[in-house]
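Observations on the model geometry
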Amino acid sequence: MFFGSSEAGGRKYTFSATHRENTDRGAPAAAQAFAQRAHRLGLDRAAALAAVEDALRAAYDGGDQR
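Residues numbered from 1 in each chain as written. Predicted model: local features only at pLDDT ≥ 70, side-chain atom pairs only at ≥ 80, totals over all residues. Heavy atoms only, no water.

1. Considerations on the pattern of salt bridges
A full pass over the atoms with the stated rule returns one salt bridge. Here Arg57 and Asp54 are joined by a salt bridge, their closest N and O atoms 2.8 Å apart. In this pair, Arg57 and Asp54 both sit in helix H2 (residues 45-61), three residues apart, roughly one turn of the helix. Residue classification places Asp54 among the buried residues on the basis of a relative accessible area of 12%. (Salt bridge = Lys/Arg side-chain N within 4 Å of Asp/Glu carboxyl O. Helix = DSSP H or I, 4+ residues; strand = E, 2+ residues; numbered from the N terminus. Buried < 20%, exposed > 50% of the residue type's maximum accessible area, 1.4 Å probe, protein only.)

Next comes the structure, spelled out in structure tokens:
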């Protein structure tokens, strides 16, 4: 997964910096943290999955929340 960001270097130049997120730990760790939190909150598997789908829809599509 690649992410880019623009960094301004003053009036005369701007450059784009791109870096690779550590996907070996980044996304899986976030998913694990969510799963543990959802479980602690008492969500069943279906409710946790629905929450993830809503969040992904909002993040990627800017779409409707349920």
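Now that the structure has been shown, we can carry on.
2. Section: the confidence of the model for the protein chain
Per-residue pLDDT for the protein chain averages 77, and the proportion of residues at 70 or more is 58%. Looking at the elements of the protein chain, mean pLDDT is at its lowest for strand E1 (residues 2-8), recorded as 48, and at its highest for H2, recorded as 96. With pLDDT under 50 throughout, residues 1-7 is counted as low confidence; its partners more than four residues away or in other chains account for 20 contacts. (pLDDT = per-residue confidence, 0-100. Contact = heavy atoms within 4.5 Å.)

3. Considerations on H2
Helix length check: H2 (17 residues) gives 23 Å between terminal C-alpha atoms against 24 Å at 1.5 Å per residue, within 8%. Looking one or two residues beyond H2, the residue adopting positive phi is Gly62, at roughly 65°. (Expected span 1.5 Å × (residues − 1).)

4. A closer look at the layout of surface pockets
Over the atoms, a rolled probe matching the size of one water molecule traces out where space is still vacant. Taken as a whole, the largest pocket holds about 180 Å³ of empty space. Lining the largest pocket are Phe34, Ala35, Ala38, His39, Leu43, Asp44, Arg45, Ala48, Leu49 and Val52. Those elements that place two or more of their residues in the lining of the largest pocket are helix H1 (26-40) and H2. Tallied by class, residues from the lining of the largest pocket come to seven nonpolar, one polar and two charged. (1 Å grid on protein atoms, 1.4 Å probe; cavity = no way out; pocket = protein on both sides within 12 Å on 5 of 7 lines; lining within 4 Å. Points joined across faces, edges and corners; volume = space filled by probe spheres on them. Nonpolar A, V, L, I, M, F, W, Y, C, P; charged D, E, K, R; others polar.)

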